[in-house]
Amino acid sequence: MRHVTVLILSILSIHLSYSQIFEIGGFAGGSNFIGDVGKTDYISPDAPALGLLLKWNKSSRHSWRASVIYSDLIGYDFRSDDPKRIQRDYRFNSNLLEVSAGMEFNFWDFDLHSGRTEATPYIYSGISAVKFDDLYFNNGVQLAENTSSWAFGIPMVLGFKTTFINSFVLGLEVGARYTFTDGIDGSVPKNSSRLNNKFGNINNNDWYVFSGLTLTYTFGENPCYCPN
């Protein structure tokens, strides 16, 4: 039985290595926060964001995708268009690390071995887990608990990509992340003893947005995108 299992795994590994293609690369751009502190603009990068990407192209129309992105997320009330926020003048700064996995869907066929320049819009979604600093405010001043928390979220990404110089793919994307927490900006402290420090709209969870460029290198054998 052990030998049969080894044989099956060997056949599967050979099949995968010759029937799929992979991409590995990076993301570089900016981040902006949408919550109870700072601006409420949907796309307005104000802090750098860097990350790593890995894709497993299952066909010319869809790929499995995983990423890790880091940003020093910030929010400043004085940059808001809301007079009340400007007068309040709160500001926060949090180290944010996101791990995400899901599916990327191409609007048009994107065959990396066609020999032609390929280009397509795409969307990506899945699930994300984000790590952020535990913050709270006292008399308008941001303070930190010296701890961090994790929260799940849903990435919603729209982008455009094209083949670029031999085995490289260049993309431009904007991705909003809805999170299942209202505490990234410190408006809802994690420590129950500081619940009197809550402020803002506690019925709305936090969002953040990554906007930028992706550059990936493709490798693997020419896949067969043929119907069964």
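Numbering of residues begins from 1 in every chain and follows the order in which that chain's sequence is written. Per-residue local features are limited, in this predicted model, to residues with pLDDT of at least 70; the limit for side-chain atom pairs, both in listing and counting, is 80 or more; totals at the level of whole chains, interfaces and linings are taken over all residues. Based on all heavy atoms of the structure, the side-chain values leave hydrogens and waters out of the count.

Scanning the protein chain for helices and strands turns up two helices and eight strands. Helix and strand definitions follow DSSP, with helices as H or I runs of at least four residues and strands as E runs of at least two, each counted in order from the N terminus. Going from N to C terminus, the protein chain has its helices and strands arranged as α-β-β-β-α-β-β-β-β-β. With a 1.4 Å probe rolled over the protein chains alone, any residue whose accessible area is under 20% of its type maximum counts as buried; one over 50% counts as exposed, and the rest are partly exposed. Relative to its full complement of 228 residues, the protein chain shows a buried share of 40%. Considering only contacts in the protein chain between residues 6 or more positions apart, those separated by 24 or more positions represent 67%. Every residue pair with non-hydrogen atoms within 4.5 Å of one another is taken to be in contact.

Moving on to the pattern of salt bridges. The term salt bridge refers to a side-chain nitrogen of Lys or Arg lying within 4 Å of a carboxyl oxygen of Asp or Glu. Taken as a whole and judged by the stated rule, the model has 12 salt bridges. Ionic pairing is found between Asp109 and Arg61, a salt bridge with its closest N-O pair at 3.7 Å. Here the residue Asp109 occupies a position in the loop between β4 (91-106) and β5 (119-138), and Arg61 occupies one in the loop between β2 (47-57) and β3 (62-76), the gap between them amounting to 48 residues. Accessibility expressed as a relative area gives 46% for Asp109, which makes it partly exposed. A single salt-bridge network, built from bridges that share partners, covers Lys55, Arg65, Glu104, Lys161 and Glu173.

Before going further, it helps to examine the confidence of the model for the protein chain. The score called pLDDT rates the predictor's confidence residue by residue, from a low of 0 to a high of 100. Looking at the protein chain as a whole, its pLDDT mean stands at 88, while 88% of the residues score no less than 70. Across residues 3-19 the pLDDT falls below 50, and counting only partners more than four positions away or on other chains, this stretch makes six contacts in the model.

Okay, the environment of Leu172 next. Relative to the assigned elements, Leu172 resides in strand β7 (residues 168-179). The sequence separation of Leu172 and Phe27 amounts to 145 residues, and the corresponding C-alpha distance is 9.5 Å. Once residues lying within four places of it in the same chain are set aside, the contact partners of Leu172 are Tyr122, Leu158, Gly159, Phe160, Gly212 and Leu213.

What follows concerns the pairing of β5. The rule for pairing is simple: two strands pair if DSSP sees at least two bridges between them. As paired elements, β4 and β5 share 10 bridges and run antiparallel to each other. In the strand pairing of β5, Gly102 is matched with Gly126. The pairing of β5 with strand β6 (residues 141-164) spans 17 bridges and is classified as antiparallel. Across the sheet, residue Asp133 finds its bridge partner in β6, namely Ser148. Hairpin connection from β5 to β6: two residues lie between these consecutive antiparallel strands, with Asn139 at a positive phi of about 55°.

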